[in-house]
Amino acid sequence: MGTQQDYPLLLDDGLSQLTPGCRVVVRHGSRARELSVVNNDQCTGDGSTDLHGNPVLKSKTGKWKACPFILGTECCERLAYYGIATNLVSYLTTKLHEGNAYAARNVTTWSGTCYLTPLIGAVLADAYWGRYWTIAVFSTIYFIGMCTLTLSASVPAFIPAECVDSVCPSATPAQYGVFFLGLYLIALGTGGIKPCVSSFGADQFDDTDSNERVKKGSFFNWFYFSINIGAFVSSTVIVWMQENAGWGLGFGIPAIFMGIAIASFFSGTPLYRFQKPGGSPLTRMCQVGVASFRKWTLDVPLDSSLLYETPDKHSAIEGSRKLEHTEELTCLDKAAIVSEADREDGDFSNPWRLCTVTQVEELKILIRMFPVWATGIVFSAVYAQMSTMFVEQGTVMDRTLGSFTIPAASLSTFDVISVIFWVPLYDSVLVPIARKFTGKERGFSELQRMGIGLFISILSMVAAALVEIKRLQIAKDLDLVDKNVQVPLNIFWQVPQYFLVGAAEVFTFVGQLEFFYDQSPDAMRSLCSALSLLTTSLGNYLSSLIVTIVTAVTTSGGRPGWIPDNLNNGRLDNFFWLLAGLSFVNMVLYVFCAKKYKQKKAS
């Protein structure tokens, strides 16, 4: 919060005897006459500062005054991202003339990269730059990538020649180079935005203020709402423009919105609250491991107060509150034992030999969070069916609406509509009702909320299986089993399964955002947000693995299998039942882990 050296003029004027705590507020400059001491309750209690590192007043910064700029940034950035991702495979096949398999592989590789790069941005944010500057730098990279991609679809020299009859000339290395340069600059840019924006928004609410904690729970709901507004516009308006007005304009409009996102983010700077980076979390975890290994032969004292911790009220980790000692994983407590050698040496500043209790508790928290984190992978595998098996199921259903043919993939719009419907309902209706029964500030705890979402995800797989049973029965009755044709069952029968997935998202994905922010160590929040995003990537890989195993097992002996090219002769319903079963087992394990989980205790 500052030292006496920071404010020499103030101390010289005899103001040093005034109340400590939220000591100094910079009004217009750094001269003493422009500094004043205010009461503790007028400033944030979580150590947040302004852009220049000065303490901030609660009444002038953060909360919902700052959040519209952050929500606007997220909405526009997601519109830009989905404006590229939603229809990317079509551009690769129709304009770059790639085959279906090659194009699909390029899309999944790029999508997977977009969910891996947040680990890079998270480490930079937590260790060195802070969330604000990480977002600023990576947003600029993102925008350059969007502009590069737009040029690749607009400049004739960068566009492959059109097909002549059935002959489609391949793109040149230069054309590929420009396109994929833009595409992977976008992937890199998302790495600094995805793990930081939600955490930076939550930073605008003081953890030590009960009223602001309630509002923070509401922020996560509206944050996810903003994501889906951007996704909805992209999957409807932007996709239509790409197909009908040209790809240059179809990529250019998302690029413009990315520029708007950057402008929105910087516009709120005077209102933001900032958390200082606390140094590399990976280094701190390694230090605990090394220090505990060095003292492996020592016994942990029964009195935890004998373990090493800084004597003042501030943590040794920049931007982090102290954490209270817990009785779990006591083997790691060895890192905080003050040995005879430490006492004789008198130097307690080497964390490779001696760690604070707070530093040890950071690692304990991550280990405790791991089982809860792992259960999110199966949920993400269920979520991945929207872009895979749900679409395949829809292609063999009746997709006509008058004279219009509905693209099977467009049914995912009902998932977005579901989220847009459930977020206000959850925030304004369910939370107040639940609060009366549970007495919790946010109605449900993060773990309860995630568990409800896991249950709803089971129902979505059951709904998909029941629709498939109905479709297969019609195919059998009409003797269409051996024909790879559409079955006269309207595609809108799929709406309930999409709607249930959307409801599950509002509970589980938003619950994950809350959980990984609130329960993570203060100086590791970006990293934990990145880890929660990693479940999406791993869920996609798990889904692919399940499909591979199911295909190998069910096609043995010359059988068509559950998922043949002709789904009328398959058993896709069994695949959905399998996922429902796996989801049920996953939910049981989750409930067990959630009951065992111990909440973070910050001083």
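As shown above, the structure is provided for reference.
A few points on the structure. The residue count restarts for each chain, going from 1 along the sequence in the order it is written. pLDDT decides what is reported in this predicted model: residues at 70 or higher carry local features, side-chain atom pairs at 80 or more are listed and counted, and totals for whole chains, interfaces and linings draw on all residues regardless. Note that the side-chain values use all heavy atoms of the structure and ignore hydrogens as well as water.

In this text, helices come from DSSP runs of H or I with a minimum length of four residues, and strands from runs of E with a minimum of two, each type numbered from the N-terminal end. Along the protein chain, the regular secondary structure elements total 17 helices and 6 strands. In summary, the protein chain has a C-alpha radius of gyration of 27 Å against a globular reference of 25 Å for 603 residues, a match within 12%. Projected onto the principal axes, the alpha-carbon positions of the protein chain cover approximately 90 × 55 × 50 Å. In the protein chain, the share of contacts with a sequence separation of at least 24, taken over all contacts with a separation of at least 6, comes to 79%. Working note: accessible area of the protein chain is about 26,300 Å², and carbon and sulfur atoms make up 63% of it. In the protein chain, the 47 positive side-chain charges and the 51 negative ones have mean positions that sit 4 Å from each other. What the globule rule says is 2.2 Å times the number of residues to the power 0.38, and the radius of gyration is computed from C-alpha atoms. Working rule for contacts: check all heavy atoms of both residues, and any pair within 4.5 Å makes them a contact. All accessible-area figures derive from a Shrake-Rupley calculation using a 1.4 Å probe, and residue coverage is judged against the displayed protein chains alone. Lys and Arg are tallied as positive, Asp and Glu as negative. Neither His nor the chain termini are counted. Here the site of a charge means NZ on Lys, CZ on Arg, CG on Asp, or CD on Glu.

This part is about unusual backbone geometry. Backbone geometry places Lys 63, a non-glycine residue, at a positive phi of 55°. Tracing the backbone shows Lys 63 in helix 2 (residues 63–85). The phi torsion at Leu 329 lies on the positive side, around 50°, for a residue other than glycine. In this fold, Leu 329 is placed in the loop between helix 9 (281–294) and helix 10 (340–345).

The next subject is the nonpolar core. To define a nonpolar core, start from buried Ala, Val, Leu, Ile, Met, Phe, Trp, Tyr and Cys residues and group those joined through side-chain atoms within 4.5 Å. For every residue, the accessible area obtained with a 1.4 Å probe (protein chains only) is divided by the maximum for its type, and the residue is called buried under 20%, exposed over 50%, and partly exposed between those limits. Core analysis: the largest hydrophobic core is formed by 136 residues, its most contacted members being Trp 110, Phe 179, Phe 575 and Phe 576. Once residues lying within four places of it in the same chain are set aside, the contact partners of Phe 179 are Leu 88, Tyr 91, Leu 92, Leu 96, Leu 149, Ser 152 and Phe 251.

As a further point, take the packing of aromatic side chains. Two rings belonging to Phe, Tyr or Trp (six-membered ring only in the last case) form a pair when the distance between their centres is within 6.5 Å. Interplanar angles under 30 degrees mark stacking, angles over 60 mark edge-to-face geometry, and anything in between is tilted. Counted by the stated rule, this structure contains 44 aromatic pairs. Ring geometry for Tyr 91 and Phe 179: centres 5.2 Å apart, planes at 20°, overall stacked. Of this pair, Tyr 91 sits in helix 3 (residues 88–94) while Phe 179 sits in helix 6 (residues 173–202), placing them 88 residues apart in sequence. The exposure classification of Tyr 91 matches that of Phe 179, with both residues buried.

So, about a nonpolar patch on the surface. Any residue with relative accessible area above 30% and no salt bridge may belong to a patch, with like charges joined within 9 Å and the nonpolar Val, Leu, Ile, Met, Phe, Trp and Tyr side chains within 5 Å. We define a salt bridge as a contact between a side-chain nitrogen of Lys or Arg and a carboxyl oxygen of Asp or Glu at a distance within 4 Å. Residues Leu 51, Tyr 128, Trp 129, Trp 133 and Val 137 make up a contiguous nonpolar surface patch of roughly 500 Å² in combined accessible area. Tracing the backbone through its elements, the reader meets Val 137 in helix 5 (residues 118–154).

Okay, the state of the cysteines next. Note on disulfides: each one is a pair of cysteine sulfur atoms within 2.5 Å. Enumeration over the complete set of coordinates arrives at 0 disulfides. With no disulfide partner, Cys 147 has as its closest neighbouring cysteine sulfur the one in Cys 76, 15 Å distant. For Cys 147, a relative accessible area of 29% puts it in the partly exposed group. With no disulfide of its own, Cys 331 lies 13 Å from the sulfur of Cys 355, the closest cysteine sulfur. Residue classification places Cys 331 among the partly exposed positions, given a relative accessible area of 35%.

It is worth spelling out empty space enclosed by the protein at this point. Using only the protein atoms, space was sampled on a 1 Å grid; points where a 1.4 Å probe fits but cannot get out form cavities, open sets with protein on both sides within 12 Å along at least five of seven lines form pockets, and lining residues are those with an atom within 4 Å of a point. Grid points are joined across faces, edges and corners, and a volume is the space filled by probe spheres set on the points. According to the stated counting rule, one finds 3 cavities of 30 Å³ or more in the structure shown. Every residue lining the largest cavity is listed: Ala 125, Asp 126, Gly 130, Arg 131, Gln 275, Lys 276, Pro 277, Gly 278, Gly 319, Asp 522 and Ala 523. Within the lining of the largest cavity, the residues separate by chemical class into 3 nonpolar, 4 polar and 4 charged. Each residue is assigned to one of three groups, with Ala, Val, Leu, Ile, Met, Phe, Trp, Tyr, Cys and Pro labelled nonpolar, Asp, Glu, Lys and Arg labelled charged, and all others, Gly among them, labelled polar.

This next bit is on helix 17 (residues 572–596). Given a helix with a known number of residues, its expected span is that number minus one, times 1.5 Å. Across its 25 residues, helix 17 extends 36 Å between first and last C-alpha, which sits within 8% of the 36 Å expected from 1.5 Å per residue. Inspection of helix 17 places Leu 572, Asp 573, Phe 575, Phe 576, Leu 579, Ala 580, Ser 583, Asn 586, Met 587, Tyr 590, Cys 593 and Ala 594 among the buried residues, and these make up the whole buried set. Lining the buried residues of helix 17 we find helix 11 (357–383), helix 12 (389–395), helix 14 (446–477) and helix 16 (525–554).

Before going further, it helps to examine the pairing of strand 6 (residues 487–490). Along any regular strand the residues' side chains alternate between the sheet's two faces. Only one face of strand 6 is covered, namely the one carrying Val 487 and Leu 489; the face carrying Pro 488 and Asn 490 has none of its residues buried. As paired strands, strand 3 (residues 397–398) and strand 6 are joined by 2 bridges and run parallel to one another. Bridge assignment links Met 397 to a residue of strand 6, and that residue is Val 487. What makes two strands pair is DSSP finding at least two bridges between them.

It is worth spelling out the packing of helix 6 against helix 7 (residues 210–244) at this point. Only the stretch in contact is used when a helix axis is fitted, and all axes are lines through C-alpha atoms; the angle between N-to-C directions ranges over 0 to 180 degrees. Direction vectors running N to C along helix 6 and helix 7 enclose 145°, while the axes themselves pass 9 Å from each other. Read as a crossing pair, helix 6 and helix 7 show a hand that is right-handed. Contact with helix 6, carried on its side by Val 197, Ser 198, Gly 201 and Ala 202, involves Lys 216, Phe 219, Phe 220 and Phe 223 of helix 7 and no other residues of that element. Tallied by class, residues from the contact of helix 6 with helix 7 come to 5 nonpolar, 2 polar and 1 charged. Left-handed describes a crossing in which the near helix is turned anticlockwise from the far one by less than a right angle; the clockwise case is right-handed.

If you walk through the whole model with that rule in mind, you get 21 salt bridges. Put simply, Arg 273 and Glu 212 hold a salt bridge, and the shortest N to O gap is 2.9 Å. In this pair, Arg 273 sits in the loop between helix 8 (247–267) and helix 9 while Glu 212 sits in helix 7, placing the two residues 61 residues apart along the sequence. A residue is classified by how much of its surface remains accessible, and Arg 273, at 0% relative accessible area, is buried. Looking at Glu 212, the relative accessible area reads 3%, which means it is buried. Several salt bridges converge on common partners, so that one network encompasses Arg 321, Asp 522, Arg 525 and Lys 600.

Attention now goes to the packing of helix 5 against helix 6. Axis separation between helix 5 and helix 6 bottoms out at 6 Å; the angle between their running directions is 145°. Read as a crossing pair, helix 5 and helix 6 show a hand that is left-handed. Its residues placed into classes, the contact of helix 5 with helix 6 shows 23 nonpolar, 12 polar and 2 charged.

With respect to the element layout, Gln 275 can be found in the loop between helix 8 and helix 9. Ignoring sequence-local partners within four residues, the contact set of Gln 275 consists of Asp 46, Gly 47, Ser 48, Arg 131, Asp 203 and Gly 319.

Classification of Lys 63 as buried rests on a relative accessible area of 18%. Within polar-contact distance, the side chain of Lys 63 engages the backbone oxygen of Lys 58 at 3.2 Å. Residues adjacent in sequence count toward polar contacts only when both atoms are side-chain atoms; beyond that, a polar contact is any pair of N or O atoms within 3.5 Å, and within protein one must be able to donate a hydrogen and the other to accept it.

Right, let's get into the environment of Phe 138. Counting through the fold element by element, Phe 138 comes out in helix 5. In this structure Phe 138 comes out as buried when scored by relative accessible area, which is 4%. Expressed as a C-alpha distance, the spacing of Phe 138 and Gly 189, which sit 51 residues apart in the sequence, is 4.6 Å. Dropping the residues within four chain positions of it, Phe 138 is found in contact with Gly 121, Leu 124, Trp 129, Leu 188, Gly 189, Gly 191 and Gly 192.

What follows deals with helix 5. Spanning 37 residues, helix 5 covers only 30 Å between terminal C-alpha atoms, well under the ideal 54 Å at 1.5 Å per step. If you look at helix 5, its biggest bend is around 120°, right at Trp 129. Throughout, the bend at a residue refers to the angle made by two axes, fitted to the seven residues ending there and to the seven starting there.

As a further point, take the side chain of Arg 399. Note on placement: Arg 399 falls in the loop between strand 3 and strand 4 (400–401). Despite its burial, Arg 399 pairs with no opposite charge; the closest candidate is Asp 398, at 7.6 Å N-O. Contact partners of Arg 399, with chain neighbours within four places excluded, come to Gly 394, Phe 404, Thr 405, Ile 406, Pro 407, Ala 408, Gln 486 and Ile 491.

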